[in-house]
Amino acid sequence: HGFGLALVIYGQLDSVTFLPHWTHQSQFAGYYMALEKGFYEDAGLHVNILCGGPSKPVCKAYSSDTVHFFSDFLSGSIKAYDKGNIIVNLAQLSKGSALVFVSRKTLEIDHPAELKGKRIGVWDSDFRELPEVFLMKHKVKAHVFPIKSTVNLFLMNGLDVMCVMWYNEYHQIINSGINENELNSFFFADFDMDIPEDGIYCSNVYFQENKGVCDRFVEATIAGWEYAFLNTEETLDVVQHYMYRYNIPSNRSHQEWMLKRMRDLFVKDTNQKLSIILEPEKFDACVNLLLMNNTISSSPDYNSFFVGAHDK
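These numbers were taken from a predicted model, which means no experiment stands behind them.

A. Summary view of the packing of aromatic side chains. For the structure on display, the rule yields 26 aromatic pairs. Judged by centre distance (6.2 Å) and plane angle (75 degrees), the ring pair of Tyr31 and Trp225 falls under edge-to-face. A residue pair is termed long-range when its members are at least 10 positions apart, and Tyr31 in helix 2 (residues 29-36) and Trp225 in helix 9 (residues 211-230) qualify at 194 residues. A relative accessible area of 2% places Tyr31 in the buried class. Through a chain of ring-to-ring contacts, three or more aromatic side chains come together here, namely Phe18, Tyr31, Tyr40, Phe69, Tyr206, Phe217, Trp225, Phe229 and Phe266. Directly above the aromatic system of Tyr242 lies the positively charged group of Arg245, at a separation of 4.9 Å from the ring centroid.

B. Main features of the nonpolar core. Counting 109 residues, the largest nonpolar core has Tyr31, Phe69, Phe101, Leu115, Phe217 and Trp225 as the members making the most contacts within it. Here this core takes 11 residues from helix 9, the largest share from any one element.

C. The pairing of strand 5 (residues 99-104), seen in detail. Counting buried positions over the six residues of strand 5 gives six, a clear majority of the element. Residues Leu99, Phe101 and Ser103 of strand 5 are buried on one face, and the alternating residues Val100, Val102 and Arg104, pointing to the opposite face, are buried as well. As paired elements, strand 5 and strand 9 (residues 183-187) share five bridges and run antiparallel to each other. In the sheet register, Val100 faces strand 9, and the bridge partner there is Phe187.

D. View of the environment of Asp65. Take Asp65: it is sitting in the loop between strand 2 (45-49) and strand 3 (69-72). Overall, Asp65 belongs to the exposed group, its relative accessible area being 74%. Counting along the chain gives 176 residues from Asp65 to His241, while the straight-line C-alpha distance between them is 28 Å.

E. Structural detail: the side chain of Gln92. One can find Gln92 in strand 4 (residues 87-92). For Gln92, a relative accessible area of 0% puts it in the buried group. Leave out the neighbours within four places in its chain, and Gln92 touches Leu74, Pro196, Glu197, Asp198, Gly199, Tyr201, Ser275, Ile276, Ile277, Leu278 and Phe306.

F. Structural detail: the sheet that holds strand 1 (residues 14-19). Ordered by their spatial adjacency, five strands build an open sheet running 2-1-3-10-4, and the pairing between neighbours is mixed. Edge positions in the sheet fall to strand 2 and strand 4, since each has one partner strand and no second. Along the sheet, successive strands turn relative to each other by an average axial angle of 30 degrees, direction set aside. Bridge count between strand 4 and strand 10 (residues 199-203): five bridges; the pairing is antiparallel. Across the sheet, residue Val88 finds its bridge partner in strand 10, namely Cys202. Contacting strand 1, strand 2, strand 3 and strand 10, helix 2 runs over the sheet at an angle of about 135 degrees to strand 2.

G. Seen up close, the pattern of salt bridges. Tallied over the entire structure, the rule returns 11 salt bridges. The residue Glu234 makes a salt bridge to Lys37 at a minimum N-O spacing of 2.9 Å. Taken together, the residues span a long stretch of sequence, with Glu234 in helix 10 (residues 232-245) and Lys37 in the loop between helix 2 and helix 3 (39-42) at a distance of 197 residues. Residue Lys37 is classed as partly exposed on the basis of its relative accessible area of 34%. Ionic pairing is found between Arg261 and Asp264, a salt bridge with its closest N-O pair at 2.8 Å. Here Arg261 and its partner Asp264 are both found in helix 11 (residues 252-266), three residues apart, which amounts to about one turn of the helix. For Arg261, a relative accessible area of 13% gives the class buried. The exposure class of Asp264 is partly exposed, given its relative accessible area of 30%. Several salt bridges converge on common partners, so that one network encompasses Asp124, Arg128 and Lys148.

H. Quick peek at empty space enclosed by the protein. This structure, assessed with the given rule, holds one cavity of 30 Å³ or more. Of the pockets and cavities examined, the largest cavity occupies roughly 30 Å³. Together, Gln92, Ser94, Lys95, Pro196, Ile277, Leu278, Glu279 and Lys282 line the largest cavity. A breakdown of the residues in the lining of the largest cavity according to their chemical character gives three nonpolar, two polar and three charged.

I. Up close: the confidence of the model for the protein chain. In the predicted model, the protein chain carries a mean pLDDT of 92, and the fraction of residues at 70 or more is 94%. In this model residues 1-10 is a low-confidence stretch, pLDDT under 50, and it forms 19 contacts with partners more than four residues away in sequence or in other chains.

Conventions used here
Residues numbered from 1 in each chain as written. Predicted model: local features only at pLDDT ≥ 70, side-chain atom pairs only at ≥ 80, totals over all residues. Heavy atoms only, no water. Phe/Tyr/Trp six-rings, centres within 6.5 Å; stacked < 30°, edge-to-face > 60°. Helix = DSSP H or I, 4+ residues; strand = E, 2+ residues; numbered from the N terminus. Buried < 20%, exposed > 50% of the residue type's maximum accessible area, 1.4 Å probe, protein only. Lys NZ or Arg CZ within 6 Å of the ring centre and 35° of its normal. Core = buried A, V, L, I, M, F, W, Y, C linked by side-chain atoms within 4.5 Å. Pairing = 2+ DSSP bridges. Contact = heavy atoms within 4.5 Å. Axes fitted to C-alpha atoms, helices over the stretch in contact; angles between N-to-C directions. Salt bridge = Lys/Arg side-chain N within 4 Å of Asp/Glu carboxyl O. 1 Å grid on protein atoms, 1.4 Å probe; cavity = no way out; pocket = protein on both sides within 12 Å on 5 of 7 lines; lining within 4 Å. Points joined across faces, edges and corners; volume = space filled by probe spheres on them. Nonpolar A, V, L, I, M, F, W, Y, C, P; charged D, E, K, R; others polar. pLDDT = per-residue confidence, 0-100.

In structure tokens, the structure reads:
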């Protein structure tokens, strides 16, 4: 991967810490494989991967001196930027939205307008604004309930509709015994809301002082993702090792589904190569949706916000 004599070139390894925006799972498999296969070390880096999630929210890492890199949704990072956390996007891995509204077909919710008056569960998270904008765009007034964890309330018919991630809770619902053909699904990507999600970030201050470290971290991470997508079984072994280490329940078939869906979201070009570019039109679309919902007051400058390589 071009790192070759990195240890000789860089001498002592640069120690950095990475915080994923959720707990360990296949959503972050590329980082684990970059560490396990020595890609970070070859790049002259000693990387400590933390466990994110509710107990260690990424929003607290924006100005942290101990967390150097973190992942986040594009919408969450733009919102954080608007609040005064001057962060930069080093690499936009996800190329589209994985958000889905699902309901049982028996409720006959066939069009977004028919969400009116329904009981809708939305994750109480940094991306909850996007489901709210979806409803606003379709002029829908519904009963929105914040969900902290699990899809159980939907499974018990306590909710008519739930907003889920395609790579995660959507599959959990199917695994519970509800077949895909028994669901009505509104993929946000099909309704002019195909907003990219997972990206790699750091503070602007850290970037300005450590551009070489940032470049090497991104390059080694990309190598990790490419390896993960080509070596499914080995990658799942490593993912489950991380989950077991942190006492996180793990279902291998679910983690495999997640890994395959991450590939669908990350690899979009005809050459089947991983790109890190944040497309300006996708950036603008996200900004406009957040402005529509009064989540942010102004737009960050694209060229200041996205500092990743534009020609890769």
